[in-house]
Amino acid sequence: MDSSKSFNQQCYDLLVKIPKGKVVTYADIAHHLGGKAYQAVGNAMASNPTPIIVPCHRVVNSNGAIGKFALGTDKKIALLQEEGIELDSKNLKILNLDKQRHRF
DNA sequence: GATTGGGCCGGAC
DNA sequence: GGTCCGGCCCAAT
């Protein structure tokens, strides 16, 4: 197979494709990579070498929760709000996830 | 709503 | 070299 790109590299590639104002779920990315490596994706984000190039803050959980963030959940919330994404800063949940969810 | 088990990658030992 | 553990998780019970 083409292992020129590591698994995490593929995650970043998909991440950067996400337009502003849109969010994606870890399951979507993992499933798009052809597997159920949900945690592998999250791990890639945690190891994200370029948090600026790769908007890991646009990635949320499938249940609508924001989940965690390497720089801090609070930071993630702020970034999402700045991007124009509506979310519940009280319960750390994404609003209208189905609508704001970006599809590859 | 909370808890348990499962499947996947990367790094450490 | 192989093996073990943790992780920004998910789906099912």
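For chain A, an unreviewed UniProt entry supplies the name MGMT family protein and the organism Psychromonas aquatilis.

Asker: Which parts of the structure should I look at to understand the protein's contact with DNA strand C?
Answerer: Neighbouring residues of DNA strand C: 14 residues in total, closest Tyr26, Gln39, Met45, Ser62 and Lys68. Within the backbone of methionine 45, an N or O atom sits 2.9 Å from a base nitrogen of DNA strand C. At the level of elements, α2 (26-32) and α3 (38-46) are the ones that each hand at least two residues to the surface near DNA strand C. Here the element with the most residues in the surface near DNA strand C is α3; it accounts for seven residues.

Asker: Can you walk me through the protein's contact with DNA strand B in this structure?
Answerer: Around DNA strand B, the neighbouring residues are Phe7, Asn8, Lys36, Ala37, Gln39, Ala40 and Asn43. Each atom of DNA strand B within 4 Å of the protein was assigned to sugar, phosphate or base; sugar and phosphate come to 71%. Glutamine 39 has a polar side-chain atom sitting 2.8 Å from a base nitrogen of DNA strand B. At three residues, α3 tops the list of elements feeding residues into the surface near DNA strand B. Considered class by class, the residues forming the surface near DNA strand B number three nonpolar, three polar and one charged.

Calculation criteria
Residues numbered from 1 in each chain as written. Chains lettered and ligands numbered in written order. Predicted model: local features only at pLDDT ≥ 70, side-chain atom pairs only at ≥ 80, totals over all residues. Heavy atoms only, no water. Near = heavy atom within 4 Å. Polar contact = N/O pair within 3.5 Å; in protein donor to acceptor, adjacent residues only side chain to side chain. Helix = DSSP H or I, 4+ residues; strand = E, 2+ residues; numbered from the N terminus. Nonpolar A, V, L, I, M, F, W, Y, C, P; charged D, E, K, R; others polar.

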